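# Coordinates in review
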Amino acid sequence: MASGNAIRGSRVGAGPMGEAERGESAPRLRISFWCSNGHETQPSFAHDAQVPDTWDCPRCGFPAGQDRDSPPDPPRTEPYKTHLAYVRERRSDEDGEAILAEALAKLRGEI
């Protein structure tokens with residue numbers, strides 16, 4: 001028994017796709033960006049769009065600029081610091097010993 005489905009054999013969204021159905025695309029402009037590792041990226045922009053000064057390199061993630069000879073410097077990454085390292089930046093050893101002596105005095109009931 002045959003089914004009465006009129007769109008048998010086709011999929012949702014199937015059909016001719018092209019310029020006539022979607023409209024004309026905006027004129028494009030391809031701009032080259034280079035990162036400090038020498039990777040070239042060529043994103044496309046609309047002809048009347050404002051082109052950014054930097055673009056993230058899709059290969060290494062470094063910032064890329066339009067000047068091939070002097071690309072932007074890679075970002076400096078600070079090494080991970082522990083809580084103790086931050087405390088040592090704020091306080092000297094003498095300050096630490098004075099705070100420790102005061103805390104021990106409170107615990108012993110001297111203050």
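What you are looking at is a predicted structure, and each value in this text was computed from that prediction instead of being measured.

## A closer look at helix α3 (residues 93–108)
In this model, α3 (16 residues) spans 22 Å end to end at C-alpha, consistent with the 22 Å of a helix rising 1.5 Å per residue. At the exit of α3 stands Gly-109, carrying a positive phi of roughly 85°.

## A few points about the side chain of Thr-41
Along the polypeptide, Thr-41 turns up in strand β3 (residues 40–41). Residue Thr-41 is classed as buried on the basis of its relative accessible area, which comes to 12%. The residues touching Thr-41, leaving out its near neighbours within four places in the chain, are Ile-31, Ser-32, Phe-33, Trp-55, Cys-57 and Pro-58.

## Section: the packing of aromatic side chains
Throughout the structure, instances matching the rule amount to three aromatic pairs. Taken together, a centroid distance of 6.4 Å and an interplanar angle of 65° make the contact between Phe-33 and Phe-45 edge-to-face. Here the residue Phe-33 occupies a position in strand β2 (residues 33–35), and Phe-45 occupies one in strand β4 (residues 44–46), the gap between them amounting to twelve residues. Residue Phe-33 is classed as buried on the basis of its relative accessible area of 0%. Residue class for Phe-45 comes out buried when judged on its relative accessible area of 10%. Here Phe-45 and Trp-55 contribute two aromatic rings whose centre-to-centre distance is 5.3 Å and whose plane-to-plane angle is 85°, an arrangement assigned as edge-to-face. Of this pair, Phe-45 sits in strand β4 while Trp-55 sits in strand β5 (residues 54–56), and the two are ten residues apart along the sequence. Taken together, the ring pairs in this structure connect Phe-33, Phe-45 and Trp-55 into an aromatic cluster.

## A few points about the UniProt feature "binding site: Zn(2+)" (unreviewed entry) in the protein
The UniProt feature table records "binding site: Zn(2+)" (unreviewed entry) at Cys-35, His-39, Cys-57 and Cys-60. A maximum C-alpha distance of 8.5 Å is found for the annotated residues, which run over 26 residues; spatially they form one tight group. Relative to the elements of secondary structure, Cys-57 occurs in the loop between β5 and β6 (63–65). Residues in contact with Cys-57, not counting those within four places in the same chain, are Cys-35, His-39, Thr-41 and Phe-62. For Cys-60, the position within the fold is in the loop between β5 and β6. Under the relative-accessibility criterion, Cys-60 is labelled partly exposed at 28%.

## Considering the sheet that holds β3
Strands sit in the order β3-β2-β6-β5 across an open sheet of four strands; the sheet is antiparallel. Only two strands of the sheet have a single neighbouring strand rather than two, namely β3 and β5. With three bridges connecting them, β5 and β6 associate as antiparallel partners. Looking at the pairing, Thr-54 lines up with Gly-65 of β6.

Reading the values: the criteria
Residues numbered from 1 in each chain as written. Predicted model: local features only at pLDDT ≥ 70, side-chain atom pairs only at ≥ 80, totals over all residues. Heavy atoms only, no water. Helix = DSSP H or I, 4+ residues; strand = E, 2+ residues; numbered from the N terminus. Expected span 1.5 Å × (residues − 1). Buried < 20%, exposed > 50% of the residue type's maximum accessible area, 1.4 Å probe, protein only. Contact = heavy atoms within 4.5 Å. Phe/Tyr/Trp six-rings, centres within 6.5 Å; stacked < 30°, edge-to-face > 60°. UniProt positions renumbered as here; feature names shortened; annotations may be inferred. Pairing = 2+ DSSP bridges.

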